[in-house]
Amino acid sequence: VIHEMFVVDEGEFEGSDHLIVCQGDDLGERKRALAERCDVIIVLPGGLGTLDEMLDAAALSQLGMPNARPVVAVNIDGYYDFTLKQLERARQ
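Asker: Can you help me understand a nonpolar patch on the surface in this one?
Answerer: A cluster of nonpolar side chains, namely Val40, Ile42, Leu44 and Val72, defines an oily patch on the protein surface of about 330 Å² accessible area. For Leu44, the position within the fold is in the loop between strand E3 (41-43) and helix H2 (48-63). Residue Leu44 is classed as exposed on the basis of its relative accessible area, which comes to 51%.

Structure representation (structure tokens):
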């Protein structure tokens, strides 16, 4: 699932089983498509967009929304240590 602004010629996704290109003025449709089409959200270290998607997925889960999915943060070299601490604190 990718936003159209990141697609060059779709050749970069050759060999993928399935490509879903989302449109829109923001990444909201992409986040919805991710949540609707997956069983679990696996989060690798990334930038602000990745953090936004992870927190959005965590909020859906905390609120008990029907399209909530489990979130797994791949915490390489402690990348998400502080984020996970903050999420634990917010849950209390």
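Asker: Sorry if this is basic, but what is going on with the pattern of salt bridges here?
Answerer: Two side chains with opposite charge may pair up if their charged atoms get near one another. Summed over all chains, the structure comprises three salt bridges. We note a salt bridge from Glu53 to Arg30, for which the minimum N-O separation is 2.1 Å. One end of the pair, Glu53, is in helix H2; the other, Arg30, is in helix H1 (residues 28-36), with 23 residues separating them in the sequence. Taking the shortest distance from any N to any O, the salt bridge between Lys31 and Asp52 comes out at 2.9 Å. One end of the pair, Lys31, is in helix H1; the other, Asp52, is in helix H2, and 21 residues separate them in sequence.

Asker: Which parts of the structure should I look at to understand the nonpolar core?
Answerer: Among soluble globular proteins, nonpolar side chains are generally buried collectively. Membership of the largest hydrophobic core is limited to six residues, which are Cys38, Ile41, Val43, Met54, Ala57 and Tyr80. At the level of secondary structure, the elements contributing two or more residues to this core comprise E3 and H2. In contact with Ile41, not counting residues within four places along its chain, are Ala57, Arg69, Pro70, Val71 and Val72.

Asker: Would you take a moment to explain the side chain of Arg30 for this structure?
Answerer: On the basis of relative accessible area, Arg30 is assigned to the buried category, the value being 17%. Among all residues touching Arg30, those that are not within four sequence positions of it are Val1, Ile2, His3, Cys22 and Glu53.

Thresholds, definitions, all that
- Residues numbered from 1 in each chain as written.
- Predicted model: local features only at pLDDT ≥ 70, side-chain atom pairs only at ≥ 80, totals over all residues.
- Heavy atoms only, no water.
- Patch = residues over 30% accessible without salt bridge, like charges linked within 9 Å, V, L, I, M, F, W, Y side chains within 5 Å.
- Areas by Shrake-Rupley, 256 points an atom, 1.4 Å probe, with all protein chains shown as cover.
- Salt bridge = Lys/Arg side-chain N within 4 Å of Asp/Glu carboxyl O.
- Helix = DSSP H or I, 4+ residues; strand = E, 2+ residues; numbered from the N terminus.
- Buried < 20%, exposed > 50% of the residue type's maximum accessible area, 1.4 Å probe, protein only.
- Core = buried A, V, L, I, M, F, W, Y, C linked by side-chain atoms within 4.5 Å.
- Contact = heavy atoms within 4.5 Å.

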